[in-house]
Amino acid sequence: MQYYSLNNNAPKVSFSEAVIKGLAPDRGLYFPENITPLPSSFFENIEHLDNKEIAYQAIQQFVGNEIPEPELRDILADVLSFDFPVVEVENNIGTLELFHGPTMAFKDVGARFMARCLGYFNRNNESQVTVLVATSGDTGGAVANGFLGVKGVNVVILYPSGKVSDIQEKQLTTLGQNITALEVDGVFDDCQEMVKTAFLDASITNHKQLTSANSINVARWLPQLFYFLFAYKQVKHKKKDIVFSVPSGNFGNICAGIVAHKLGLPVKQFVASTNVNDTVVRYLETSEYEPKPSKATISNAMDVGNPSNFIRIQQLFNHNFSELKNNFSAYSFNDDQTREAMKMIHNETGYVADPHGAVGYLGLKEHEITNDQYGIFLETAHPVKFLNIVEETLDTTVEIPNQIQKVMGKEKHSIMVNSYEKLKEFLLR
């Protein structure tokens, strides 16, 4: 499998090169040259396959022969060591819980898969790779945990000061070892722009091998397609058309879902549910893509004003605006609507949704699920990750899981960074 830059001004590369480089030299995102649908028998028999076999058959074409089958299966067995249940919330609506991993967020799978791929590619290399990543909340913790102790890899995480939850901050600032957290005076978009700028700064890249663990990296992005296959396996027996509603910030998760659709997964509609950072919602209304600075919300992992992965979604629909609108919807909701949805879900069903899941639920309601459809909204993080908001909104107590208790008492270690020059100075020291 070859990967090309969506800016179309860089050489094609292999999977391993795309993983190690992260971003193409022309600043474009890497994209697979081909997506070959899986045989119809795969979907006909999916309920008889375990998750690791589903994942192997789905990802193998993207990895090619660069990781031998036994090693790739071992990687997947390690990565997929927890559950991905669809929990029925109300008639014709369920939630796909993606928070049963070590950092209790959906990014655990992509971060762990990328870490193990990079570890494999770097196994005989004595040189160091620096993983540079921006986070609006959950990416940082998942990447920190996934790469902790990986030989030959140093991780540098940029996060916006005061704009992630206390637990999220603990998860990315308390691990030590090969993990360093840089606290940026700004918003997520500032962190992301600094990361992208560093990749193209020859004064850095001539001295350090940089790669990204944001969803711009193919090894972080593509494994998220597993979620949609796992969900289909669980609800196929309902014999209904499936509508997925995905809480969307940088749009990597929903983009991976569309890749699963291109592989042959039967999906009626994809709904991108956003908070007030509504760049894509406005695009679908006007056909004009006009990003704006991000605004802080209670669903902070979606506080992204210029989502990197939307260009991949456009590519998946061949830059055909009509085709995109036929298969893809987007809706925006504010904090008040999010809180009301959290209350309604809890009062009527007893289910505790985090703010991001609540936005996903609202997307299904806005889309209006019919009787011949089954709506699935993705619950992308455990409610404990947003403890204060959830407990205050629902007037309830959330039990602290073991994964979170382990970091609560640890001391935060971060380095303040207020400019790109400071980041550069840190990387070159």
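Rules used in this analysis
- Throughout this document, residue positions are counted from 1 along each chain, in the order its sequence is written.
- Only residues with pLDDT of at least 70 are given local features in this predicted model, and only at 80 or more are side-chain atom pairs given and counted; all residues enter the totals for whole chains, interfaces and linings.
- Only heavy atoms go into the side-chain values, all of them from the structure, while hydrogens and water stay out.
- UniProt positions are given in the numbering used here, feature names are shortened, and annotations may be inferred rather than shown by experiment.
- Each helix is a run of DSSP H or I of at least 4 residues and each strand a run of E of at least 2, with the numbering of both proceeding from the N terminus.
- Computation of the radius of gyration draws on C-alpha atoms, with the globule rule given as 2.2 Å multiplied by the number of residues to the power 0.38.
- For accessible areas, the Shrake-Rupley method is used with a probe of radius 1.4 Å. Any residue's cover is judged against the shown protein chains and nothing else.
- Every axis corresponds to a line fitted to the C-alpha atoms, with the helix fit spanning only the stretch in contact, and the corresponding angles, defined between N-to-C directions, vary from 0 to 180 degrees.
- Handedness of a crossing is defined here by the sense of rotation of the near helix relative to the far one, left-handed for an anticlockwise turn of less than a right angle and right-handed for a clockwise turn.
- Only heavy atoms enter the contact rule, under which two residues are in contact if any of them lie within 4.5 Å.
- Polar here means any residue other than Ala, Val, Leu, Ile, Met, Phe, Trp, Tyr, Cys and Pro, which are nonpolar, and Asp, Glu, Lys and Arg, which are charged; Gly is therefore polar.
- Think of it in three bands: with a 1.4 Å probe and only protein chains considered, a residue is buried below 20% of the maximum accessible area for its type, exposed above 50%, and partly exposed in between.
- Here a strand pair is declared whenever DSSP counts at least two bridges between the two strands.
- Here, the term disulfide refers to a pair of cysteine sulfur atoms separated by no more than 2.5 Å.

As recorded in an unreviewed UniProt entry, the protein goes by the name Threonine synthase, listed as coming from Aquimarina atlantica. UniProt, in its Cofactor (unreviewed entry) section for the protein, records the words "pyridoxal 5'-phosphate". UniProt's Sequence similarities (unreviewed entry) comment on the protein is quoted here verbatim: "Belongs to the threonine synthase family."

A.B. asks: Can you lay out the overall build of the protein for me, pointing to particular residues and giving the numbers?
C.D. replies: A count of helical and extended segments in the protein gives 20 helices and 14 strands. The C-alpha radius of gyration computed for the protein amounts to 20 Å, which stays within 12% of the reference 22 Å derived for 429 residues, consistent with globular compactness. Its C-alpha atoms give the protein principal-axis dimensions of about 60 × 50 × 45 Å. When the accessible surface of the protein is split by element, carbon and sulfur atoms take 44% of a total near 16,400 Å².

A.B. asks: Describe in detail the packing of helix 5 (residues 107–121) against helix 6 (residues 138–147), supporting the description with residues and values.
C.D. replies: A packed helix pair is summarised by two numbers, namely the angle formed by the two axes and the spacing between the axes. Where helix 5 meets helix 6, the closest approach of the two axes is 8 Å, and the angle between their N-to-C directions is 40 degrees. Along this stretch, helix 5 crosses helix 6, giving a crossing that reads as right-handed. Where helix 5 abuts helix 6, its residues Lys-107, Asp-108, Ala-111, Arg-112, Met-114, Ala-115, Arg-116 and Leu-118 lie against Asp-138, Thr-139, Ala-142, Val-143, Gly-146 and Phe-147. Classifying every residue of the contact of helix 5 with helix 6 gives seven nonpolar, two polar and five charged.

A.B. asks: Describe the side chain of Asn-122, listing the residues and the values that go with them.
C.D. replies: The residue Asn-122 is located in the loop between helix 5 and strand 6 (129–134) in this model. On the basis of relative accessibility, which here comes to 5%, the residue Asn-122 falls in the buried class. In this structure, Asn-122 is in contact with Ser-127, Val-129, Lys-151 and Gly-152, ignoring residues within four places of it in sequence.

A.B. asks: Explain the sheet that holds strand 1 (residues 2–5) to me, and be specific about the residues and the numbers.
C.D. replies: The strand order 2-1-3 describes an open sheet built from three strands, whose pairing is antiparallel. Only two strands of the sheet have a single neighbouring strand rather than two, namely strand 2 (13–14) and strand 3 (30–32). As paired elements, strand 1 and strand 3 share three bridges and run antiparallel to each other. Residue pairing in the sheet places Tyr-4 in a bridge with Phe-31 of strand 3.

A.B. asks: Summarise the packing of helix 4 (residues 69–79) against helix 5; cite the residues concerned and give the values.
C.D. replies: Orientation of helix 4 relative to helix 5, taken along the N-to-C sense of each, is 145 degrees, at an axis distance of 9 Å. Pair helix 4 / helix 5 crosses with right-handed handedness. In this structure, helix 4 uses Glu-71, Leu-72, Ile-75, Leu-76, Asp-78 and Val-79 to contact helix 5, whose residues at the interface are Val-109, Arg-112, Phe-113, Arg-116, Cys-117 and Tyr-120.

A.B. asks: Can you lay out the state of the cysteines for me, pointing to particular residues and giving the numbers?
C.D. replies: Following the criterion strictly, the structure yields zero disulfides and no others. Not engaged in a disulfide, the cysteine Cys-117 finds its nearest cysteine sulfur in Cys-255; these two sulfurs lie 18 Å apart. Relative accessible area serves as the criterion here: at 0%, Cys-117 is assigned to the buried category. A relative accessible area of 0% means that Cys-255 is categorised as buried.

A.B. asks: Before we move on, can you summarise unusual backbone geometry with the specific residues and values?
C.D. replies: For Gln-177, which is not glycine, the phi dihedral falls at a positive 55 degrees. Here Gln-177 is to be found in the loop between helix 7 (166–173) and strand 8 (179–184). Judged by relative accessible area, Gln-177 falls into the exposed class, the value being 67%. Its identity as a non-glycine residue notwithstanding, Ser-287 has a phi of 65 degrees, on the positive side. Along the chain, the position of Ser-287 falls in the loop between helix 13 (279–286) and helix 14 (310–316).

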